[in-house]
Amino acid sequence: MKIVVSDDKVYGIYGKDFPGLKAFVFENGEKSKNLKTYQDLMHFLAEEKVEKTDTLIALGGGVVGDLTGFAAATFKRGMKYISIPTTLMAMIDSSIGGKTGVNLDEGKNLVGAIYPAEEVILDFKYLKTLDKRQFNSAMAEVIKYQVITGENLVDMPLEDMVRRCIKIKEDIVKEDPLDQGKRMILNLGHTVGHAVEKLSGYTLLHGEAVAIGLAEIARYSKMEGLDQLISLLKRYDLPTELTYPRDKVMEAIREDKKIRNGVLTLVLPKAFGKVEVKHEGDN
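Residues numbered from 1 in each chain as written. Predicted model: local features only at pLDDT ≥ 70, side-chain atom pairs only at ≥ 80, totals over all residues. Heavy atoms only, no water.

A look at the overall build of the protein
- Within the protein, the secondary structure is distributed over ten helices and ten strands.
- A compact globule built from 283 residues would reach a C-alpha radius of gyration of about 19 Å, and the protein, at 18 Å, matches this within 12%.
- The principal-axis extent of the C-alpha atoms belonging to the protein is close to 55 × 40 × 35 Å.
- Scored against the burial criterion, the 283 residues of the protein give a buried share of 53%.
- In the protein, of all internal contacts separated by at least 6 residues, the share reaching a separation of at least 24 is 69%.
- Looking at the protein as shown, the accessible area adds up to about 13,100 Å², and 51% of this sits on carbon and sulfur atoms.
- Between the averaged position of the 40 positive side-chain charges in the protein and that of its 42 negative side-chain charges there is a distance of 1 Å. (Helix = DSSP H or I, 4+ residues; strand = E, 2+ residues; numbered from the N terminus. Rg over C-alpha atoms; globule rule 2.2 N^0.38 Å. Buried < 20%, exposed > 50% of the residue type's maximum accessible area, 1.4 Å probe, protein only. Contact = heavy atoms within 4.5 Å. Areas by Shrake-Rupley, 256 points an atom, 1.4 Å probe, with all protein chains shown as cover. Lys, Arg positive; Asp, Glu negative; His and termini not counted. Charge placed at Lys NZ, Arg CZ, Asp CG, Glu CD.)

Considering the packing of helix α7 (residues 190-199) against helix α10 (residues 246-254)
- With their axes 9 Å apart at the nearest point, α7 and α10 run at an angle of 110° to one another. The angle between α7 and α10 falls in the class roughly perpendicular. Across the interface between the two elements, Thr-191, Val-192, Ala-195, Val-196, Lys-198 and Leu-199 from α7 touch Lys-248, Val-249, Ala-252 and Ile-253 from α10.
- A class-by-class count of the residues in the contact of α7 with α10 yields seven nonpolar, one polar and two charged. (Axes fitted to C-alpha atoms, helices over the stretch in contact; angles between N-to-C directions. Parallel < 35°, antiparallel > 145°, perpendicular 65-115°, else oblique. Nonpolar A, V, L, I, M, F, W, Y, C, P; charged D, E, K, R; others polar.)

Details of the environment of Lys-248
- You can see Lys-248 is positioned in helix α10.
- On the basis of relative accessibility, which here comes to 43%, the residue Lys-248 falls in the partly exposed class.
- It is 9.0 Å that separates the C-alpha atoms of Lys-248 and Val-196, two residues lying 52 residues apart in sequence.

Quick look at the packing of helix α5 (residues 132-149) against helix α8 (residues 206-220)
- The geometry of α5 relative to α8 is characterised by a closest axis approach of 7 Å and an angle of 40° between their N-to-C directions. As the angle between them shows, α5 and α8 are arranged oblique. Our pair here, α5 against α8, has a crossing hand that is left-handed. Contacts between α5 and α8 involve Arg-133, Ser-137, Ala-140, Glu-141, Ile-143 and Lys-144 on the former and, on the latter, His-206, Gly-207, Glu-208, Val-210, Ala-211 and Leu-214.
- Classifying every residue of the contact of α5 with α8 by side-chain character gives five nonpolar, three polar and four charged. (Left-handed = near helix turned anticlockwise from the far one by under 90°.)

Points about the pairing of strand β10 (residues 274-279)
- Where strand β9 (residues 263-271) and β10 come together, six bridges link them in antiparallel fashion. In the strand pairing of β10, Pro-269 is matched with Val-275.
- Counting the residues in the hairpin turn of β9 and β10 gives two residues, including Gly-273, whose phi is positive at 95°. (Pairing = 2+ DSSP bridges.)

Quick look at the sheet that holds strand β4 (residues 80-85)
- Here we have five strands laid out as an open sheet, ordered β2-β1-β3-β4-β7, and parallel in their pairing. Here the strands that pair on one side only, and so sit at the sheet edges, are β2 (22-26) and β7 (119-120).
- Inspection of the sheet shows strand β1 (residues 2-7) paired to strand β3 (residues 55-60) by five bridges, in the parallel sense. The residue of β3 that forms the bridge with Ile-3 is Leu-56.
- Against the sheet, helix α3 (residues 62-74) contacts β1, β2, β3 and β4, and its axis sits at roughly 165° relative to β3.

Here's the deal with the packing of aromatic side chains
- Per the stated rule, a full pass over the model turns up five aromatic pairs.
- Plain terms: the ring middles of Phe-24 and Phe-44 are 5.5 Å apart, the flat faces sit at 55° to each other, and that makes the pair tilted. Taken together, the residues Phe-24 in strand β2 and Phe-44 in helix α2 (residues 35-47) connect sequence positions 20 residues apart.
- Overall, the relative accessible area of 10% leaves Phe-24 in the buried class.
- With relative accessibility at 16%, the residue Phe-44 sits in the buried group.
- Its guanidinium or amino end placed over the ring of Tyr-145, Lys-144 lies 4.9 Å from that ring's centre, counting from NZ or CZ. (Phe/Tyr/Trp six-rings, centres within 6.5 Å; stacked < 30°, edge-to-face > 60°. Lys NZ or Arg CZ within 6 Å of the ring centre and 35° of its normal.)

Comments concerning the side chain of Lys-33
- One can find Lys-33 in the loop between β2 and α2.
- Judged by relative accessible area, which is 2%, Lys-33 ranks as buried.
- Polar side-chain contacts of Lys-33 include one of 2.6 Å to the side chain of Asn-109.
- Residues in contact with Lys-33, not counting those within four places in the same chain, are Val-63, Asp-66, Gly-101, Val-102, Asn-103, Lys-108 and Asn-109. (Polar contact = N/O pair within 3.5 Å; in protein donor to acceptor, adjacent residues only side chain to side chain.)

Topic: helix α9 (residues 226-235)
- Along α9, the positions that sit buried rather than exposed are Leu-229, Ile-230, Leu-232 and Leu-233. Each buried residue of α9 lies within a common arc of 160° when the element is viewed along its axis, so the set occupies one face. Exposed residues lying more than 90 degrees from the buried face of α9 are Asp-227 and Lys-234.
- Packing partners of the buried residues in α9 comprise α5 and α8.
- At the exit of α9 stands Asp-237, carrying a positive phi of roughly 55°. (Arc of directions from axis to C-beta.)

What follows is the structure, encoded as structure tokens:
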């Protein structure tokens, strides 16, 4: 048996592509990525007598993929799931690498598991219904990859850009699947980003928050090419200024999962193509 997991916005458009399959559909948005929705999904799977050998299909963006992956990792101690990302953000980022989970009131992605999808199905038709704000939000992650690699990704044709971003992330994840070393560079912009995303009550899209995080950490590290970075972010109408009190931001950062043994890890961009991982207290 296959069960579709989706949100009401995506399923309303593409649910017809999965006739005859039962579906768990929840309200669109980051606010739904919580323990309540996860619990509802668990009860749904149990009531439908879903077996360990059955398959979940994640049809949607990052919220859907994260929730479905975490459900697959934990229902009956593990079952298969297929990811069908329908947003640019999910295609280039969240569907790759196996990070799954839900948010708590205290912070983003504090409960989860690393549990890769059995298969990721890439279909560019889904991007035809993606609104401009969601598209621009995803471009913050593209720009993050551009800072990491030094490659001119934003000017590539869309499909080439998507495939290149996927390859960049895949190569890094293969080298460090459990996020203990090199994979940490993928958190560039996310330390501050997750904090402001939480402080906004998730009214900021993930990429919008990451854009602020990128700009802030680039200023902090006196990045060579800072003006170019800010220009790139503004090209996609992304915010670049911190509008929350810094003490509140630091409080939110201290609750982030990237704190290990009480030590904060920062990814510092020094120039396009050059980033450094620094631990709090390092010289």
